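Chain and residue survey
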Amino acid sequence: MTVMEYRNVLAEFQGEEGELIPILQRIQEKFGYITEDAIKNISPFLKISENQIYGVASFYSQFRFTEPGRNSIKVCMGTACHMRGGQILGEAVERELDVKPGQTTKDKRFDFHRVACLGCCALAPVIQVNEDIRSRMNVIKLKEMLDKYE
Amino acid sequence: MNSFQQLQKEAGKEWDLLQKSTLPVIYVGTASCGRAAGAKDLLESIKKTLEENQLTAKIVEVGCIGLCYLEPLMDIRLPGRPRISYANVTPDKARRIIEGLIINGNPQAQMALGYFGDEDGDLTHGIPRFFELPMLKPQVRIVLKNCGFIDPEAIDHYMANGGYAGLMTAFGKGPEGVIAEVREAGLRGRGGAGFPTYKKWETCRNVPGNIKYMICNADEGDPGAFMNRSLIEGDPHSVLEGLLIAAYAIGATHGYIYIRAEYPLAIIRLKKAIAQMHRYGLLGKNIQNSDFDFDITIKEGAGAFVCGEETALIASIEGKRGMPKSRPPYPAISGLHNKPTIINNVETLGTLPNILRNGATWYRQYGTPGNYGTKTFSLVGKIRRSGLIEVPLGTPLRQIIFDIGGGSLKPFKAVQTGGPSGGCLSSEFLDTPVDYESLGAAGSIMGSGGLIVMDEDTCIVDVARYFLDFTQKESCGKCSPCRVGSGHMVEILERITKGQGQPEDLIKLQTLGETVKRGSLCGLGQTAPNPILTTLRYFRSEYLSHIKEKHCPAAVCKELIEYRVVPDKCTGCRRCVNVCPTGAITGPRAEPHNLDPTKCIKCRACYEICRFDAIAGDAIIIRSRRSIPDEQTI
Ligand SMILES: Cc1cc2nc3c(=O)[nH]c(=O)nc-3n(C[C@H](O)[C@H](O)[C@H](O)COP(=O)(O)O)c2cc1C
Ligand code: FES
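Residues and elements named next belong to chain B. The strand order across the open sheet built from five strands is 2-1-3-4-5, with neighbouring strands paired in mixed fashion. Every interior strand has two partners, whereas the edge strands, strand 2 (58-62) and strand 5 (112-116), have only one. Across this sheet, the average inter-strand angle for adjacent strands is 20°, counted without regard to direction. Bridging between strand 1 (residues 25-29) and strand 3 (residues 74-77) involves four bridges; their strand directions are antiparallel. Note on strand 3: the bridge partner recorded for V25 is R77. Along the sheet, helix 3 (residues 39-52) makes contact with strand 1, strand 2 and strand 3, crossing strand 1 at roughly 165°. Helix-sheet contacts for helix 4 (residues 91-104) involve strand 1, strand 3 and strand 4 (83-86), and the interaxial angle to strand 3 is about 10°.

Let us now look at the interface of chain B and chain A. Taken together, the contacts link 60 residues of chain B with 39 residues of chain A. For the chain B and chain A pair, buried surface summed over both sides reaches about 3,800 Å², with 59% attributable to carbon and sulfur atoms. Applying the counting rule to chain B against chain A returns one salt bridge. In this structure, E91(A) engages K558(B) in a salt bridge whose closest nitrogen and oxygen atoms are separated by 2.8 Å.

Here the structure, examined in full by the defined rule, presents 36 salt bridges over all chains. Put simply, R64(A) and D111(A) hold a salt bridge, and the shortest N to O gap is 3.6 Å. Separated by 47 residues along the polypeptide, R64(A) in the loop between helix 4 (50-59) and strand 1 (71-76) and D111(A) in strand 2 (residues 110-115) bring together distant segments of the chain. Owing to a relative accessible area of 15%, R64(A) belongs among the buried residues under this scheme. The class of D111(A) is buried, set by a relative accessible area of 2%. Among the ionic pairs, E437(B) bridges to R188(B), the shortest N-O distance being 3.0 Å. Separated by 249 residues along the polypeptide, E437(B) in helix 16 (residues 436-441) and R188(B) in the loop between helix 7 (165-185) and helix 8 (197-206) bring together distant segments of the chain. Using a relative accessible area of 45% as the deciding quantity, one classes E437(B) as partly exposed. Overall, the relative accessible area of 14% leaves R188(B) in the buried class. Three or more residues joined by partner-sharing salt bridges are found here, namely E12(A), R26(A) and E29(A).

Another aspect to go through is the nonpolar core. Formed by 139 residues in total, the largest nonpolar core has its most connected members in L67(B), Y164(B), W201(B), M214(B), I259(B) and F294(B). Setting aside chain neighbours within four positions, we find W201(B) in contact with V178(B), I179(B), V182(B), A246(B), A249(B), I250(B), I342(B), N344(B) and L352(B). Residues Y60(A), I215(B), L313(B) and I343(B) belong to the second largest nonpolar core, which totals 42 residues.

The predicted model of chain B has a mean per-residue pLDDT of 94, with 98% of residues at 70 or higher. Segment residues 630-634 of chain B is flagged for pLDDT under 50; beyond a separation of four residues in sequence, or across chains, it makes six contacts in the model.

Let's shift gears to the domain arrangement of chain A. Taken as a whole, chain A is organised into domain 1 (3-59) and domain 2 (71-146). Placing a centre on the C-alpha atoms of domain 1 of chain A and another on those of domain 2 of chain A gives a separation of 29 Å.

Take helix 11 (residues 264-279) of chain B next. Residues and elements named next belong to chain B. In a regular helix each residue adds 1.5 Å, so 16 residues correspond to 22 Å; helix 11 covers 23 Å between its end C-alpha atoms and thus fits that length. Within helix 11, the full set of buried residues consists of L265, A266, I267, R269, L270, A273, I274, Q276 and M277. Close packing links the buried residues of helix 11 with helix 2 (32-36), helix 6 (155-160), helix 9 (227-234), helix 10 (236-250), strand 7 (254-260) and strand 8 (296-301). One or two steps after helix 11, the chain reaches G281, where phi turns positive at roughly 70°.

The next subject is the packing of aromatic side chains. Per the counting criterion, the structure on display carries 22 aromatic pairs over all chains. Measuring from ring centre to ring centre gives 6.1 Å for F110(A) and Y149(A), while their planes differ by 65°; the resulting arrangement is edge-to-face. Taken as a pair, F110(A) in strand 2 and Y149(A) in the segment after helix 7 (139-146) lie far apart in primary sequence, 39 residues in all. Of the two residues examined, F110(A) and Y149(A), each falls in the buried class. A ring pair is formed by W362(B) and Y366(B), whose centres lie 5.7 Å apart and whose planes are at 80°; its orientation type is edge-to-face. The exposure class assigned to W362(B) is partly exposed, which follows from its relative accessible area of 24%.

Next up on the list: the site of ligand 1. Residues and elements named next belong to chain B. Near ligand 1, the surroundings consist of 18 residues, among which G191, K200, N344, N345 and T348 are the closest. One of the backbone N or O atoms of G191 is found 2.7 Å from an oxygen atom in ligand 1. N345 has a polar side-chain atom sitting 2.7 Å from an oxygen atom of ligand 1. Burial of ligand 1 by the protein amounts to 87% of the accessible area it has alone, namely 610 Å². Of the pockets mapped on this structure, ligand 1 occupies the second largest pocket. At three residues, strand 9 (residues 341-345) tops the list of elements feeding residues into the shell around ligand 1. Classifying every residue of the shell around ligand 1 by side-chain character gives three nonpolar, nine polar and six charged.

Residues and elements named next belong to chain A. Strands sit in the order 2-1-3-4 across an open sheet of four strands; the sheet is mixed. A single partner strand is all that each edge strand has here, and the edge strands are strand 2 and strand 4 (132-134). With strand direction ignored, the average angle separating the axes of adjacent strands in the sheet is 20°. Sheet topology note: the strand 1/strand 3 (residues 127-129) ladder contains three bridges and is antiparallel. The residue bridging K74 from the neighbouring strand is Q128, located in strand 3. Helix-sheet contacts for helix 6 (residues 86-97) involve strand 1, strand 2 and strand 3, and the interaxial angle to strand 1 is about 150°.

Rules used throughout
- Residues numbered from 1 in each chain as written.
- Chains lettered and ligands numbered in written order.
- Predicted model: local features only at pLDDT ≥ 70, side-chain atom pairs only at ≥ 80, totals over all residues.
- Heavy atoms only, no water.
- Pairing = 2+ DSSP bridges.
- Helix = DSSP H or I, 4+ residues; strand = E, 2+ residues; numbered from the N terminus.
- Axes fitted to C-alpha atoms, helices over the stretch in contact; angles between N-to-C directions.
- Contact = heavy atoms within 4.5 Å.
- Buried area = accessible area lost by both parts, 1.4 Å probe.
- Salt bridge = Lys/Arg side-chain N within 4 Å of Asp/Glu carboxyl O.
- Buried < 20%, exposed > 50% of the residue type's maximum accessible area, 1.4 Å probe, protein only.
- Core = buried A, V, L, I, M, F, W, Y, C linked by side-chain atoms within 4.5 Å.
- pLDDT = per-residue confidence, 0-100.
- Domains from an automatic or database assignment.
- Expected span 1.5 Å × (residues − 1).
- Phe/Tyr/Trp six-rings, centres within 6.5 Å; stacked < 30°, edge-to-face > 60°.
- Near = heavy atom within 4 Å.
- Polar contact = N/O pair within 3.5 Å; in protein donor to acceptor, adjacent residues only side chain to side chain.
- Areas by Shrake-Rupley, 256 points an atom, 1.4 Å probe, with all protein chains shown as cover.
- 1 Å grid on protein atoms, 1.4 Å probe; cavity = no way out; pocket = protein on both sides within 12 Å on 5 of 7 lines; lining within 4 Å.
- Sits in = over half its atoms within 2 Å of the grid points.
- Nonpolar A, V, L, I, M, F, W, Y, C, P; charged D, E, K, R; others polar.

Below you can see the structure in the form of structure tokens.
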């Protein structure tokens, strides 16, 4: 990511403080995560300190500070999913992919996150891979599913 | 710009065209839950089947009708005939249904779920009426009435069904008239607290100033609840019309919808709907000649539960960390950018068009005095028929869980209302009418509408630990009782679930819970101990089992359970041997396998494969470790 690329993103905005979260969201959407360089570029644009930006960004669980994998896997830890084995699915992902929550696998095949609720609670437990939500999961289905992604 | 009457007329024509279509119409529920259950594959299969059979049909994508457990759903209406609904439609099943019904006129009643409209001889023979199904019969659908019936991306569908007529009535009444009507209807906020809607509007309206804001709270952070997502996905214009009515009443100049980023489909549908409103002159300057100017911005939340709290939500829109502030001043007086601001929940807003269109008296026929109208609930957990429902306030819990939801999977243990800030109620409370005061008196809260059902296989201590762990992680950290106190409580609960609890832990939990409740600034901390305090009261013996006997009656707590092979049942198919990641299960084919507990990591793989793929089905059991000595006989 070059300075130019950040500038192009920032050009979509007016430079008001209230835009910080939308800017971070846009950067993450475009580049996959929030880099130190990104924060350095936003700071003069919004006239707020890098520390302040980091404080806001780290407050919200949506923002990531590590490079994402080629695929993204989110395991729901919401109440409905918890009661139907969400925790066990999360552990299975950790074991199968040798990855901790918030991390990306060494081969960059997957990044793994635990999320609060995906809104498909009636079909719990659910897992989201990239854009697709998989319902009524179990460890066996999970293993089969992981194999389908490169 | 066309007049409203003209727009309505055109919309009506468009809708009639679909209703009187000379082609078969196929409806597919493609809301998030439908998609998660495979609606996209279903759509592909429908298109392919039509093509291969050289059939033409109209396909309409609709929102969720609430029977999430039966997704994906597909309905077919032959020209001039009733619409027939089918459940759990796999791509293969879709082919059989289409070929049967569209080609041969055979509805295959054994596969059908229900029909809409009038009885129709052989076509509906042996099929129940959809709205007579046990899950639907006790429901009153006001807010959800369009969900599953209209194309949520077609503003004409909404308008043809009375859409935006409530807004026009509001313009006719004037802002004070709208406030009076909503007061008369007795509407209370559906976001949790049940505060009278008219009251905060009135406060805001009376504050001088020419800049005011109206915010729709679509943060829906309660894990296990999806009422707001479903409404926005299934009928976005109803929420937007409500937002306009509220904005008009308080004299707002700009509106925001604060919606969680985890709801991408809802965001797309809102954006499309807003663009349509601009085209129809329902947003912008001088909306439908009312002299009212208004526009809406969508703000995506960034994943923090506390941002559902109104002052934190405002901070988040301002680009700051979502930290709650102490009130007063209330946002109605000084909110976003220090201007008067009203925040209403999605469902509160979705109710407004109905009240304005049909009047307060009509609305008051539903519910009970002080708790008028209906409420939507997401029915999840260990329940047979999970999904989204709408019932009049005052409906007893028993009717919701057993008549509508079909009861729990295993014998009923408890129901959690109000999400992580709510309480856990035991079977003695099943006759409690669901209204704000009765739930409060039982030690729980109404909350936004999540109902989580627990059965014998749910461990109460584990659930309590789960909720507190959630709120503790979501605590913004500003108040130390909330931050430190809940952290300490989580530690104690963790110890108990590991079988390391001490008898005095229960007293500690009680005292800490009460301190956190009293000493926190916002609703998050004030309510976080509720699940612990209610379970300590109603399920104390389950805590004691964990502490004294190191026994988890529900066989959930990992440290207290064990996996076992039941030799008499095991057929020796080796499926479990193959999936076990640690080699804990061994044994030759056709002989009962052996499970080495010292190698077992309790990953559940053997259990799942036995239940779903193996011949035996139930040869692997999970049970509390304590129960082993006295059950050696199996
Ligand atoms: C921790 C916390 C989380 C909340 N989350 C939500 C939420 O997700 N959605 C919501 O509408 N209200 C939520 N509320 C309630 C809001 O603060 C506010 O009362 C509500 O949006 C007002 O709308 P209503 O009057 O229409 O109910 C939450 C409150 C607290 C204390
Ligand atoms: S709890 Fe998992 S989707 Fe809602």
